[in-house]
Amino acid sequence: MENFPVINLEKLNGEERGATMEIIKDACENWGFFELINHGISHELMDTVERLTKEHYRKCMEQRFKELVAAKGLEGVQTEVNDLDWESTFFLRHLPHSNISEIPDLQDEHRKVMKEFALRLEKLAEELLDLLCENLGLEKGYLKKAFHGTKGPNFGTKVSNYPPCPKPDLIKGLRAHTDAGGIILLFQDDKVSGLQLLKDDQWIDVPPMRHSIVINLGDQIEVITNGKYKSVMHRVIAQTDGNRMSIASFYNPGGDAVIYPAPTLVEKEADENNNLYPKFVFEDYMKLYAGLKFQAKEPRFEAMKAIESNVNVGPIATA
């Protein structure tokens with residue numbers, strides 16, 4: 001298996017820019033995932049985020065998780081569990097409105113660093129969207145504009161811990177799925193692995209690397225690029241040892257953003273009605289996804305096509 005794509009963003013500023021853009025292009029076309037180093041977010045900030053997140057889990061969530069496991073009788077399972085994940089999570093919303101001040105049990109310092117981290121990740125997400133535009137031959141800002149809707153993009157963070165699991169062969173940390181949204185930025189534990197993606201019908205480990213940010217593409221990027229870039233199935237394997245931290249931030253379209261293939265990426269000679277991908281309002285897709293997250297994405301696209309044929313979304317302003 002060829003090496004997992006690791007991209008040094010600093011090289012975009014020098015004579016290796018062309019080669020680096022080519023690696024990004026290949027990663028988007030053939031992997032749906034890549035890992036960033038020298039991405040501009042300070043190691044000190046990342047270390048603080050990790051320390052406070054792990055402390056918060058130990059103080060506020062670990063006991064709750066153990067009680068949940070005991071209540072569900074999961075320690076002694078004998079058959080595969082297909083309806084839940086071995087993870088302890090909470091969610092932060094950043095855009096269009098932050099809810100960080102409302103999350104119970106977080107220390108003030110933790111709130112402050114998560115806000116700062118989110119601002120850096122938001123900036124990085126928008127830089128990456130423009131790099132994708134450049135590789136796709138789309139005008140700068142096209143993807144950001146496509147995500148905007150009337151209130152700007154949605155941006156939020158899922159903070160997860162994957163505690164030691166007695167039966168990792170029977171209970172997944174997180175079941176296989178593609179992400180519904182736009183571009184996902186993951187700060188993962190560099191000591192405890194577990195994240196895998198499906199490539200050429202094989203599960204490939206996403207290597208834990210200190211201070212890296214793992215990027216993966218969601219279903220909306222697949223639609224807008226008319227399938228040139230694809231969202232990829234991935235999962236988390238629970239481990240018998242170690243507690244894996246995962247901080248995944250989702251830069252997604254606004255709820256009322258209308259998503260459809262970029263006209264310049266649709267084959268010119270193709271009949272407009274034969275487009276592979278539908279046109280839809282993002283929040284409608286999310287309602288469908290909520291019940292079908294752990295299933296293949298193709299039926300979701302087909303279902304949105306059926307809705308599209310009944311609903312006239314109307315022309316999209318490009319300004």
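Residues numbered from 1 in each chain as written. Predicted model: local features only at pLDDT ≥ 70, side-chain atom pairs only at ≥ 80, totals over all residues. Heavy atoms only, no water.

1. Here's the deal with the pattern of salt bridges
Following the criterion strictly, the structure yields 24 salt bridges and no others. With a shortest N-O distance of 3.0 Å, K54 and E50 are connected by a salt bridge. With K54 and E50 both in helix α2 (residues 43-72), this residue pair falls four residues apart, about one helical turn. In this structure, K54 and E50 share a single accessibility class: buried. Taking the shortest distance from any N to any O, the salt bridge between K144 and E126 comes out at 3.5 Å. Residue K144 is found in helix α4 (residues 142-148), and its partner E126 is found in helix α3 (residues 108-136); the two are separated by 18 residues along the sequence. By relative accessible area, K144 is classed as partly exposed at 37%. Salt bridges here are not isolated pairs; linked through shared partners, they connect D47, E50, K54, D189, D190, K191 and R210. (Salt bridge = Lys/Arg side-chain N within 4 Å of Asp/Glu carboxyl O. Helix = DSSP H or I, 4+ residues; strand = E, 2+ residues; numbered from the N terminus. Buried < 20%, exposed > 50% of the residue type's maximum accessible area, 1.4 Å probe, protein only.)

2. Section: the pairing of strand β4 (residues 154-162)
Most of β4 is tucked away: eight of the nine residues are buried. Here strand β3 (residues 88-95) runs beside β4; their pairing, made up of seven bridges, is antiparallel. Bridging from a neighbouring strand, T89 pairs with S160 of β4. Sheet topology places β4 next to strand β11 (residues 244-252); nine bridges connect them, and they run antiparallel. Paired with T157 across the two strands is S249, which belongs to β11. (Pairing = 2+ DSSP bridges.)

3. Thoughts on the sheet that holds β3
Spatial strand order, β1-β2-β9-β6-β11-β4-β3: seven strands in an open sheet with mixed pairing. Two strands lie at the open edges of the sheet, namely β1 (6-8) and β3, each paired on one side alone. Each neighbouring strand pair of the sheet contributes to a mean axis angle of 25 degrees, computed without reference to strand direction. For β1 and strand β2 (residues 33-37), the ladder comprises three bridges, and the chain directions are parallel. Directly across from I7, in β2, lies its bridge partner L36. On the sheet, α2 packs against β3, β4, β6 (183-188), β9 (213-217) and β11 and is oriented at approximately 130 degrees with respect to β3. (Axes fitted to C-alpha atoms, helices over the stretch in contact; angles between N-to-C directions. Contact = heavy atoms within 4.5 Å.)

4. Some words on the environment of A238
Along the chain, the position of A238 falls in the loop between β10 (234-236) and β11. Residue classification places A238 among the buried positions, given a relative accessible area of 2%. Once residues lying within four places of it in the same chain are set aside, the contact partners of A238 are W86, C165, P168, I171 and G173.

5. Some remarks on the packing of helix α1 (residues 17-30) against α3
As a packed pair, α1 and α3 sit with axes 10 Å apart at the nearest point and diverge in direction by 90 degrees. When the interaxial angle is binned, α1 and α3 end up roughly perpendicular. Facing R17, M21, I24, K25 and C28 of α1, the residues of α3 in contact are L131, L132, E134 and N135. When the residues that make up the contact of α1 with α3 are grouped by side-chain class, the tally is five nonpolar, one polar and three charged. (Parallel < 35°, antiparallel > 145°, perpendicular 65-115°, else oblique. Nonpolar A, V, L, I, M, F, W, Y, C, P; charged D, E, K, R; others polar.)

6. A short note on the packing of α2 against α3
At a minimum axis separation of 10 Å, α2 and α3 run at an interaxial angle of 135 degrees. The angle between the axes of α2 and α3 places the two elements in the oblique class. In this structure, α2 meets α3 at a crossing whose hand is left-handed. Mapping the contact onto sequence places L45, M46, T48, V49, R51, L52, T53 and H56 in α2 and E109, H110, V113, M114, E116, F117 and R120 in α3. Residues belonging to the contact of α2 with α3 are distributed by class as follows: seven nonpolar, four polar and four charged. (Left-handed = near helix turned anticlockwise from the far one by under 90°.)

7. Digging into the side chain of T20
Assignment of secondary structure puts T20 in helix α1. Leave out the neighbours within four places in its chain, and T20 touches I7, N8, K11 and L12.

8. What about the nonpolar core?
By size, the foremost hydrophobic cluster in this structure holds 78 residues, and its most contacted members are F117, L128, L132, Y142, I171 and L185. When residues of this core are assigned to their parent elements, the largest contribution, 13 residues, is made by α3. Setting aside residues up to four positions removed in sequence, L132 forms contacts with I24, C28, L143, L217, I221 and Y229. Counting 15 residues, the second-largest nonpolar core is a separate cluster that includes I184, I204, V206 and V232. (Core = buried A, V, L, I, M, F, W, Y, C linked by side-chain atoms within 4.5 Å.)

9. Section: the confidence of the model for the protein chain
On average, residues of the protein chain carry a pLDDT of 92, and 93% of them reach 70 or more. For the stretch residues 313-319, pLDDT sits under 50, and the model shows eight contacts to residues farther than four places along the chain or on other chains. (pLDDT = per-residue confidence, 0-100.)

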